[in-house]
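# Notes for the structure review
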Amino acid sequence: MNMAAEEKKSDGAVPTVPAIETEPLITARNVDVFYADKQALNGITLDIPANKVTSLIGPSGCGKTTFLRCINRMNDLIDICRVEGEIKIGGQDIYDPKVDVVSLRAQVGMVFQKPNPFPKSIFENVAYGPRIHHLVKSKGELKDVVERSLSKAGLLEEVHDRLDDPGTGLSGGQQQRLCIARAIAVEPKVILMDEPCSALDPIATARIEELIDELRENYTIVIVTHSMQQAARVSQQTAFFHMGNLVEAGKTEQIFTTPQDPRTESYITGRIG
Amino acid sequence: MTDFTVKTPALKRRHAAEKRFQWYGLGSIIIALGFLLLMVGSITIKGIGAFTQTRVALEIELPSNEFNLNDLKATNYGAIVKKALRNAFPDVTKRRDKRKLYGLVSPYASFELQKMVIEDPALIGKTTKIWFVASDDVDMYIKGNVDTSIDEKSRKFSDKQIAWVEEIQKKGDLEKVFNSGFFTGGDSREPELAGILSAFMGSALSLSVCFLLSFPIGIFAAIYLEEFAKKNRWSALIEININNLAAVPSIVFGLLGLAVFLNVFGLPRSSPLVGGMVLSLMTLPTIIIASRASLRAVPPSIREAALGIGASQVQAAFHHVVPLALPGMLTGAIVGMARALGDTAPLLMIGMVAFIVDIPTGVLDKATALPVQIFLWADSPERGFMEKTSAAILVLLVFLVLMNLVAIILRRKFEQRF
Ligand SMILES: Nc1ncnc2c1ncn2[C@@H]1O[C@H](COP(=O)(O)OP(=O)(O)OP(=O)(O)O)[C@@H](O)[C@H]1O
Ligand SMILES: [Mg+2]
């Protein structure tokens, strides 16, 4: 499979880029990712439009998380992980040595697959980001930011009277919403969400989906989901991954109504997965 | 319907295995506790005597013609004490017997008297009853450590001396008091005067130096290796070396200290500074290994959470990972320090084995350490040093328990749930 990737690059063919009307904010070109010698992504080429929701779907282990983590260079943390190819955000190559990962990650926030609140109070969890980035000038302002973020994530109502309780004492779904609040508190441009609703009940899921829809106005969102319905409901663009390859990407209605690739069709109709 | 009360033979075997394992565990704990009790108990029984001291009272005459008020130190106080003893037992006349009689009080009695007179010159010209520290022989006899059934010739404390002591006791001029001198004095050639404070201070100062050096260096090394260093051949090599260093016998570090700290750097011999430096060489690997283990135990998702919202690596490490790992690091440090507290070999190499009477007050003073003091006393022939040895071990154990207590308190304070 390595050879196939090599060939694709060497023959110099322009990779096919799905057409989307708006200017793409994030562009990935021929992205290969290796964990040690094992290739996890093969030449991914994808445009992610600004102020839209892009969902990444595909069977377990196909590389959705891996791709998502490339966008804010979270993979740098894994020693054995190697990323090749080019990813640009707003025209700037994020793997350029001049890029400062700290400022990159401040603008490309992430919500992880497993909720991972800090073992601190609910307030501290949300306040940490604004504080380290010096986004607020006073305690009052910080409190406003925390409450605004919590209410956007649909959690404020449940926790407003116990902001000083530990964040780890919340239920799994509440923890995930806390992590979303934590991510939006630093006001990033892009939010990467890795299965944010996998631990949530339908009501909380609906609230998060509403939130995603609201956030779309100001943010660019990439969401990994295992729920076809969710992808169809919240996203404008969908990309289907299969065994490390990007099989197909395009407008969500088009992917779900007239998929071009037979693998896409069998996945969305529930025959592989 | 299924019957949940049926016990198949296989299930019975499983339950039996479980029971058996619990009994094994309980048995091991009981055996361990038993040995601990045996050790602490026997040391306590042997050492408890060192916390009391026998004193005898003498009618001391201080004739004014023997004192020069401008120089109170010039008087021969020893002679005054001896005279008081002779007056108490007028029928002792033979030279040999007199020497035995003088041996009832400690040689320190003359200094005690001198101190008293200098503090209160009004005593001069009067006859006063004054309490003195009894000699170790009397002390041992009073504490029942002299076996009177054996032949007089083969024991140090003669029948005559026994008779005198009984007479003094009958007069009510003999008492057993709390031996505060043991906790406030330095070492001495006389067992009744030997105190633990100089060794205790020596240990405390050395351990302070050791902690101040090895804890920061150890945890910074661990944080760097675990959180920042790239995992490659070099870091693997360093890791192997640190693990090996942790197993190096401590005397080797003592030799290193002798060669480097004393001979090359010219630091003062026998000082707690050098002692602490040598001990920190020894504790560093332990602290680094324990700290790395506790850093590794922090879930990586915490790091990702911090980095994911744009914390720098240093911020992620110091705001989130280190606080969670701190209790474990402290435990490691205390384990290392406890080992350092009990170690003698490296201190022998750098000369902390000297006979130290003065209480060290700074890290550059000459000092010895608790385990070395225990070794020195255990090696002394006098019977009185035997209980001092056990008492010193008790002090060492209490020191250890206190250290662990501090660690537990600190751990409670810093502990956070994941
Ligand atoms: N840290 C890692 N080290 C080694 N291999 C990894 C690592 N992370 C992921 N992989 C491998 O990369 C491939 C893609 O994994 P990835 O986590 O991206 O899948 P995914 O699409 O997110 O799956 P899921 O839907 O189950 O979350 C898998 O084969 C996985 O085994
Ligand atoms: Mg995943």
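Only a predicted model underlies this, so the values are computations on that prediction, with no experimental measurement involved.

## As for the overall build of chain A
On a plain count of helices and strands, chain A comes out with eleven helices and ten strands. Relative to the compact-globule value of 19 Å for 273 residues, chain A shows a C-alpha radius of gyration of 19 Å, a close match. For chain A, the C-alpha atoms occupy an extent of roughly 60 × 45 × 35 Å along the three principal directions. Here chain A holds 273 residues, and 53% of them are scored as buried. Looking at chain A alone, contacts between residues at least 24 apart form 66% of all its contacts between residues at least 6 apart. Charge centroids of chain A, computed over 30 positive and 37 negative side chains, lie 3 Å from each other.

## Quick look at the pattern of salt bridges
Residue and element names in this part refer to chain B. Applying the stated criterion to the full structure yields 20 salt bridges over all chains. The partner of Lys143 in a salt bridge is Glu387, and the shortest N-O contact between them spans 2.8 Å. Taken together, the positions of Lys143 in the loop between helix H5 (136-142) and helix H6 (159-171) and Glu387 in helix H16 (residues 384-414) put the pair 244 residues apart, joining distant regions of the chain. By relative accessible area, Lys143 is classed as buried at 17%.

## Observations concerning the coordination of the magnesium ion (ligand 2)
All names here are of chain A. Protein-derived coordination of the magnesium ion (ligand 2) comes from Thr65 (OG1) and Gln113 (OE1), at a distance range of 1.9 to 2.5 Å. Taken together, the residues span a long stretch of sequence, with Thr65 in helix H2 (residues 64-71) and Gln113 in the loop between strand E6 (108-111) and helix H4 (122-132) at a distance of 48 residues. Among the residues examined, Thr65 registers a relative accessible area of 26% and is labelled partly exposed. For Gln113, a relative accessible area of 35% translates into the label partly exposed.

## A short note on the packing of aromatic side chains
By the definition in use, this model includes 18 aromatic pairs over all chains. Pairing Phe118 of chain A with Tyr128 of chain A gives two aromatic rings, centres 5.5 Å apart and planes at 75°, and the pair type is edge-to-face. In this pair, Phe118 of chain A is assigned in the loop between E6 and H4 and Tyr128 of chain A in helix H4, connecting sequence segments ten residues apart. Tyr128 of chain A carries the same exposure label as Phe118 of chain A, and that label is buried. Each ring, one from Phe200 of chain B and one from Phe399 of chain B, has its centre 5.1 Å from the other, and the planes form 40°; the classification is tilted. Remark: Phe399 of chain B occurs in helix H16 and Phe200 of chain B occurs in helix H8 (residues 197-228); sequence separation between them is 199 residues. With a relative accessible area of 13%, Phe399 of chain B lands in the buried category. Between Arg82 of chain A and the ring centre of Phe34 of chain A, over which it is positioned, the NZ or CZ distance is 4.4 Å. Stacked on the ring of Phe355 of chain B, the Lys or Arg Arg189 of chain B has its end atom at 3.8 Å from the ring centre.

## Describing unusual backbone geometry
Look at Asn30 of chain A: it is not a glycine, yet its phi comes out positive at around 50°. Positionally, Asn30 of chain A belongs in strand E1 (residues 24-35). Here the phi dihedral of Ser270 of chain B falls at roughly 65°; this positive angle occurs in a residue that is not glycine. Take Ser270 of chain B: it is sitting in the loop between helix H10 (250-264) and helix H11 (272-296).

## Brief notes about H6 of chain B
Residues and elements named next belong to chain B. With 13 residues, H6 extends 19 Å from end C-alpha to end C-alpha; this agrees with the ideal 18 Å at 1.5 Å per step. Every buried residue of H6 is accounted for by Gln161, Ile162, Trp164, Val165 and Ile168. For H6, the buried positions fall inside an angular range of 160° around the axis, keeping them on one side. At its buried positions, H6 is contacted by strand E1 (52-61), helix H3 (95-102), H5 and strand E3 (174-178). Note on H6: the residue one or two positions beyond its end, Gly172, has a positive phi of about 80°.

## A look at the interface of chain B and chain A
Counting residues at the interface gives 20 residues for chain B, matched by 25 residues for chain A. Carbon and sulfur atoms supply 61% of the area buried between chain B and chain A, which totals about 1,900 Å² over both sides. Per-residue buried area on chain B facing chain A is highest for Glu304, Ile309 and His320 of chain B; these three make up 32% of the total on that side. Across the chain B-chain A interface, the total number found is one salt bridge. For Glu304 of chain B, the salt bridge identified is with Arg69 of chain A, shortest N-O distance 2.9 Å.

## Points about the confidence of the model for chain A
When pLDDT is averaged along chain A, the result is 87, and 91% of the positions lie at 70 or above. Confidence drops under a pLDDT of 50 for residues 1-15 of chain A, and excluding neighbours within four residues, the segment shows 15 contacts in the predicted structure.

## Thoughts on a positive patch on the surface
Together, Lys94, Arg95, Arg96 and Arg99 of chain B line one region of the surface with positive charge. Tracing the backbone through its elements, the reader meets Arg99 of chain B in helix H3.

## Side note on H3 of chain B
All names here are of chain B. Along H3, the residues that are buried comprise Asp97, Leu101 and Tyr102. Seen from one end, H3 has its buried residues packed into an arc of 140°, which puts them on one side. Seen from the buried face of H3, the exposed residues on the opposite side, beyond 90 degrees, are Arg95, Arg96 and Arg99. Its buried side turned inward, H3 meets helix H2 (77-88) and H6.

## Comments concerning the environment of Asn145 of chain B
Residue placement: Asn145 of chain B occurs in the loop between H5 and H6. The residues contacting Asn145 of chain B, other than those within four sequence positions of it, are Met140, Arg383 and Glu387 of chain B.

## Quick look at the packing of H8 of chain B against H11 of chain B
Packing of H8 of chain B against H11 of chain B leaves a shortest axis separation of 6 Å and a crossing angle of 35°. Between H8 of chain B and H11 of chain B lies a crossing whose hand is right-handed.

## A look at the confidence of the model for chain B
Low-confidence regions, as indicated by low pLDDT, have predicted coordinates that should not be scrutinised in detail. With 99% of its residues at a pLDDT of 70 or more, chain B shows a mean pLDDT of 88. Model confidence for the complex is summarised by a pTM of 0.82, with the ipTM given as 0.84.

## Some thoughts on the nonpolar core
Leu56 and Phe67 of chain A are the most contacted members of the largest nonpolar core, which has 62 residues in total. Counting residues per element, this core draws most heavily on helix H13 (residues 313-342) of chain B, which supplies nine residues. Dropping the residues within four chain positions of it, Phe67 of chain A is found in contact with Ala28, Leu41, Ile44, Leu46, Ile48, Leu56 and Phe241 of chain A.

## Overview of the site of ligand 1
Residues and elements named next belong to chain A. Around ligand 1, a shell composed of 15 residues is seen, among which Ser60, Lys64, Thr65, Thr66 and His226 lie nearest. Note that an oxygen atom of ligand 1 is positioned 3.0 Å from one of the side-chain N or O atoms of Lys38. At 3.0 Å from an oxygen atom of ligand 1 is found a main-chain nitrogen or oxygen belonging to Gly63. Contact with the protein chains removes 66% of the 620 Å² of surface that ligand 1 exposes when unbound. Of all the secondary structure elements, the ones that give two or more residues to the shell around ligand 1 are strand E2 (38-49) and H2. Here the residues of the shell around ligand 1 sort into five nonpolar, seven polar and three charged.

The rules behind each value
- Residues numbered from 1 in each chain as written.
- Chains lettered and ligands numbered in written order.
- Predicted model: local features only at pLDDT ≥ 70, side-chain atom pairs only at ≥ 80, totals over all residues.
- Heavy atoms only, no water.
- Helix = DSSP H or I, 4+ residues; strand = E, 2+ residues; numbered from the N terminus.
- Rg over C-alpha atoms; globule rule 2.2 N^0.38 Å.
- Buried < 20%, exposed > 50% of the residue type's maximum accessible area, 1.4 Å probe, protein only.
- Contact = heavy atoms within 4.5 Å.
- Lys, Arg positive; Asp, Glu negative; His and termini not counted.
- Charge placed at Lys NZ, Arg CZ, Asp CG, Glu CD.
- Salt bridge = Lys/Arg side-chain N within 4 Å of Asp/Glu carboxyl O.
- Donors = N, O, S within 2.8 Å, 3.2 Å for Na, K, Ca; no water.
- Phe/Tyr/Trp six-rings, centres within 6.5 Å; stacked < 30°, edge-to-face > 60°.
- Lys NZ or Arg CZ within 6 Å of the ring centre and 35° of its normal.
- Expected span 1.5 Å × (residues − 1).
- Arc of directions from axis to C-beta.
- Buried area = accessible area lost by both parts, 1.4 Å probe.
- pLDDT = per-residue confidence, 0-100.
- Patch = residues over 30% accessible without salt bridge, like charges linked within 9 Å, V, L, I, M, F, W, Y side chains within 5 Å.
- Areas by Shrake-Rupley, 256 points an atom, 1.4 Å probe, with all protein chains shown as cover.
- Axes fitted to C-alpha atoms, helices over the stretch in contact; angles between N-to-C directions.
- Left-handed = near helix turned anticlockwise from the far one by under 90°.
- Core = buried A, V, L, I, M, F, W, Y, C linked by side-chain atoms within 4.5 Å.
- Near = heavy atom within 4 Å.
- Polar contact = N/O pair within 3.5 Å; in protein donor to acceptor, adjacent residues only side chain to side chain.
- Nonpolar A, V, L, I, M, F, W, Y, C, P; charged D, E, K, R; others polar.

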